[in-house]
Amino acid sequence: NSFVTRTNTCGELRSAHVGQKVTLYGWVQYQRQGLFLVLRDFQGLTQVIIPQDEAHSHVKELLSNAPVESVVRVTGTVAPRPLGQENPKMPTGDIEVKAETAEILNSCKKLPFEIKDFIKKSEALRMQYRYLDLRSSRLQSNLRLRCGVVMRMREYLCNLHGFVDVETPTLFKRTPGGAKEFLVPSREAGKFYSLPQSPQQFKQLLMVGGLDRYFQVARCYRDEGSRPDRQPEFTQIDIEMSFVDQAGIQRLIEGLLQHSWPEERGSIMTPFPSMTYEEALAEYGTDKPDTRFGMKIVDISDVLRGSKIHFVQKALSYPHGSIRAICIPQGVKYLTNKDLESLKESAKSQFNQEIMEIIRRSDGSLKSLLTKFLGEKEQSELIQALNMQEDDVVLLAAGEHKQVCSALGALRLLSANLLEAAGLALRDPTAFHFLWVVDFPLFLPKAENPTELESAHHPFTAPHPSDASLLYSDPTKVRSQHYDLVLNGNEVGGGSIRIHSAEQQRFVLEKVLKEDSEVLSHLIEALEFGAPPHGGIALGLDRLISLIADAPSIRDVIAFPKSFRGRDLMGNAPDYVTPEELEPYHIQVSWPLEEQEAKKN
């Protein structure tokens with residue numbers, strides 16, 4: 001209550017305050033028949049008794065007629081609630097304030113929705129009136145949780161470990177590879193700035209500059225169009241260190257998260273487990289595994305190798321062919337035939353992967369189109385390999401290793417959702433399972449042209465020391481010094497040890513990625529002036545906080561987020577500008593024909 005004219009907040013009065021005269025400010029949450037109202041501020045609720053005597057008739061009239069969500073000042077005396085009228089669900093439930101004077105500071109007009117967490121309202125409406133939505137206890141709690149975590153992160157990095165908080169430019173130039181960047185026109189004809197998708201180049205240049213340890217709560221920008229649960233502008237905890245290896249970065253981040261973790265979410269154990277990219281793909285079908293539950297992908301190629309099943313033999317004849325399966329516990333009991341068909345259809349439409357099902361009946365026998373091709377020994381080995389129990393359902397896929405694993409990985413998550421929706425407790429909602437994924441490939445084939453390569457992480461990532469020579473002979477086989485941090489199946493951080501040799505950086509850009517290194521000439525030149533070995537990481541703050549807060553979307557932990565389509569529905573941005581405003585930037589808008597016609601009419 002420092003610096004303000006209230007004596008107390010609406011959430012702090014207790015029995016110990018009985019008899020004290022207090023002044024409260026807040027919003028009218030609820031008012032009942034001119035007898036009492038509930039006053040709300042950022043900290044909580046207080047019940048205010050409206051006086052009924054003639055001497056305070058003006059106070060009664062004022063408070064009785066105050067619309068819900070009006071801002072009021074109330075001065076009165078704290079009193080105990082009458083016996084039997086205490087409210088144990090409210091922290092202030094043992095007391096009430098008997099109003100003596102009051103003032104309506106600002107009356108509220110008719111609301112577009114009620115300010116209550118349990119009232120369902122469309123996300124579009126919530127975002128249009130975001131300033132009202134921010135009054136909800138859920139968003140208030142999320143933003144304060146975020147503030148607390150960031151504050152403790154600063155404390156850990158700056159006060160305990162000597163990091164320097166440096167702000168880097170927002171207006172820069174295009175970075176080759178990676179996500180699409182927003183362009184900002186300049187007054188020089190044909191020249192544009194780019195909004196950086198991360199401070200990657202600047203933090204490396206700070207290491208060249210000898211700063212040793214840098215961090216920033218960094219605003220980043222990606223023009224990724226309409227992608228669910230992504231934001232065109234987002235926040236990273238950005239970190240870079242000199243003279244560090246992968247293990248050093250991992251220890252730093254584990255300590256950082258342990259130090260900043262909210263007490264009410266329990267404790268997190270370190271060190272976090274680690275898994276290679278190949279292991280993650282083989283066992284979970286993804287590079288961001290949710291390790292809160294089992295249902296791992298199992299290789300059953302050897303079990304079926306001797307069978308006479310045509311599609312199995314065909315798959316095993318491929319260079320990277322394999323037969324793999326997942327076992328859905330109690331699938332017969334919890335999944336309907338419609339569920340199983342939807343899982344198979346999903347694998348077909350998303351991955352072009354056929355799925356076969358095998359059911360273990362309550363008598364222990366197997367039910368499947370495949371069983372007539374399998375002898376008793378093979379069926380027994382299959383049950384053992386998959387640890388099949390009665391009423392379990394197995395989904396089997398055959399084909400190219402990566403495709404099979406990706407399809408089964410997606411089905412594993414879809415099955416988990418179906419099982420939980422049907423009432424089987426599979427994932428503990430209060431558990432936090434961190435995991436490091438390491439040894440990623442340095443390069444991947446481009447989706448649109450598999451004969452060309454692109455960086456799996458970004459073009460500044462250093463090759464694994466054991467694979468450095470392969471960079472010049474067979475770059476597709478090179479592992480990188482790139483590491484991702486995964487939490488409950490969500491990527492919450494990614495980083496790498498960087499290339500600090502100008503010669504190697506130029507080779508990667510020009511020879512492997514076929515990029516114009518001139519765009520990065522400033523960085524390559526800097527590497528020639530005695531650049532130290534360095535590495536770093538960036539944590540996605542929005543995603544991390546949404547998982548800690550158990551928020552349904554990252555939009556629920558950002559004060560003023562953009563919509564699914566990247567629009568600000570409250571301020572209606574982006575918006576049109578006049579030709580006169582565009583003139584200094586040498587830009588003319590070329591309107592689609594239908595919009596030209598609409599403007600004429």
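It should be noted that the structure appears before, not after, this text.
Residues numbered from 1 in each chain as written. Predicted model: local features only at pLDDT ≥ 70, side-chain atom pairs only at ≥ 80, totals over all residues. Heavy atoms only, no water.

Below, the discussion takes up the sheet that holds strand β15 (residues 366-367). Sheet strands associate in pairs through backbone hydrogen bonding, adopting either a parallel or an antiparallel arrangement. Pairing in this open sheet of 5 strands is antiparallel, and the strands run β12-β13-β16-β14-β15 from one edge to the other. The sheet is open, and its two borders are formed by β12 (298-299) and β15, each paired with just one other strand. Here strand β13 (residues 321-328) runs beside strand β16 (residues 393-400); their pairing, made up of 8 bridges, is antiparallel. Each bridged residue has a counterpart across the sheet, and for Arg 324 the counterpart in β16 is Ala 397. Taken strand by strand, helix α13 (residues 401-421) contacts β13 and β16, and its axis lies near 5° from that of β13. (Pairing = 2+ DSSP bridges. Helix = DSSP H or I, 4+ residues; strand = E, 2+ residues; numbered from the N terminus. Contact = heavy atoms within 4.5 Å. Axes fitted to C-alpha atoms, helices over the stretch in contact; angles between N-to-C directions.)

This next bit is on the side chain of His 464. As for its placement among the helices and strands, His 464 is situated in the loop between β19 (453-455) and α14 (470-473). Owing to a relative accessible area of 17%, His 464 belongs among the buried residues under this scheme. Ignoring any residue separated from it by four or fewer positions in sequence, one finds His 464 in contact with Asp 439, Arg 479, Ser 480 and Gln 481. (Buried < 20%, exposed > 50% of the residue type's maximum accessible area, 1.4 Å probe, protein only.)

Relative to the elements of secondary structure, Asp 339 occurs in helix α11 (residues 337-351). Look at Asp 339: it is buried, it has no salt bridge, and the nearest opposite charge is Lys 338 at 7.3 Å. Setting aside its immediate chain neighbours within four residues, Asp 339 contacts Tyr 334 and Leu 418. (Lys, Arg positive; Asp, Glu negative; His and termini not counted. Salt bridge = Lys/Arg side-chain N within 4 Å of Asp/Glu carboxyl O.)

Across the 10 residues that make up strand β10 (residues 233-242), a large majority, 9, are buried. Pairing geometry for strand β9 (residues 213-221) and β10, over 9 bridges, is antiparallel. Bridge pairing in β10 links Tyr 214 to Glu 240. One ladder, built from 7 bridges, connects β10 with strand β22 (residues 534-540); its direction is antiparallel. Within β22, the position partnered with Gln 236 by the bridge is Gly 540.

This next bit is on helix α1 (residues 57-64). Among all positions of α1, only Val 59, Leu 63 and Ser 64 are buried. The arc that holds every buried residue of α1, seen down its axis, measures 120°, which confines them to one face. For α1, the exposed residues lying more than 90 degrees away from the buried face are His 58 and Glu 61. Of the surrounding elements, those touching the buried residues of α1 are β1 (21-32), β2 (36-40), β4 (71-80) and β5 (95-106). (Arc of directions from axis to C-beta.)

This part takes up the nonpolar core. Core analysis: the largest hydrophobic core is formed by 40 residues, its most contacted members being Ile 239, Ile 253, Leu 257 and Leu 485. Mapped onto this core, the elements with two or more residues apiece are α4 (137-160), β10, α6 (246-260), β17 (434-438), β20 (482-487), β21 (490-497), β22 and α17 (541-548). No other element matches the 6 residues that α4 contributes to this core. Sequence-distant contacts of Leu 485, that is, excluding residues within four places in its chain, are made with Ile 253, Leu 257, Phe 272, Phe 434, Leu 435, Trp 436, Asn 490, Glu 491, Val 492, Gly 493 and Leu 539. (Core = buried A, V, L, I, M, F, W, Y, C linked by side-chain atoms within 4.5 Å.)

Further remarks concern the packing of α4 against α17. The interhelical angle for the contact between α4 and α17, taken along N-to-C directions, is 120°, at an axis separation of 10 Å. Comparing their axes, α17 and α4 come out oblique. Seen along the crossing, α4 lies across α17 with a hand that is right-handed. Only Leu 541, Asp 542, Leu 544, Ile 545 and Ile 548 of α17 make contact with α4, whose side of the interface consists of Asn 142, Leu 145, Arg 146, Val 149, Val 150 and Met 153. Of the residues contributing to the contact of α4 with α17, the split by class is 8 nonpolar, 1 polar and 2 charged. (Parallel < 35°, antiparallel > 145°, perpendicular 65-115°, else oblique. Left-handed = near helix turned anticlockwise from the far one by under 90°. Nonpolar A, V, L, I, M, F, W, Y, C, P; charged D, E, K, R; others polar.)

Two aromatic rings, taken as a pair, are described by how far apart their centres are and by the angle between their planes. Counted under the stated rule, the structure contains 10 aromatic pairs. Between Tyr 30 and Phe 36 the ring centres are 6.2 Å apart and the planes differ by 50°, which places this aromatic pair in the tilted class. Among the residues examined, Tyr 30 registers a relative accessible area of 38% and is labelled partly exposed. When the centroid spacing of 4.5 Å and the interplanar angle of 10° are considered together, the rings of Phe 272 and Phe 434 count as stacked. Remark: Phe 434 occurs in strand β17 and Phe 272 occurs in the loop between α6 and β11 (274-276); sequence separation between them is 162 residues. This pair shows no difference in class: Phe 272 is buried, exactly as Phe 434 is. These aromatic residues form a ring-pair network of at least three members: Trp 261, Phe 272, Phe 432 and Phe 434. (Phe/Tyr/Trp six-rings, centres within 6.5 Å; stacked < 30°, edge-to-face > 60°.)

This next bit is on the pattern of salt bridges. Here the structure, examined in full by the defined rule, presents 36 salt bridges. Close ionic contact of Glu 96 with Lys 98 constitutes a salt bridge, the shortest N to O distance being 3.8 Å. A network of salt bridges, in which partner residues are shared, links Arg 126, Arg 130, Asp 133, Arg 138 and Asp 556.

Sheet architecture is closed into a barrel: 5 strands sit in the order β1-β2-β3-β5-β4, paired in mixed fashion. Here the average twist between neighbouring strands, direction ignored, is 55°.

The next thing to look at is unusual backbone geometry. Put simply, Thr 270 and Pro 271 share a cis peptide bond, and its omega is -5°. A positive phi is found at Asp 391, a non-glycine position, where the angle reads about 75°. With respect to the helices and strands, Asp 391 occurs in the loop between α12 (376-385) and β16. Residue Asp 391 is classed as partly exposed on the basis of its relative accessible area, which comes to 24%.

This paragraph deals with the environment of Ala 551. With respect to the helices and strands, Ala 551 occurs in the loop between α17 and α18 (579-582). Owing to a relative accessible area of 17%, Ala 551 belongs among the buried residues under this scheme. Along the primary structure Ala 551 and Asn 142 are separated by 409 residues, whereas in three dimensions their C-alpha atoms are 8.2 Å apart.

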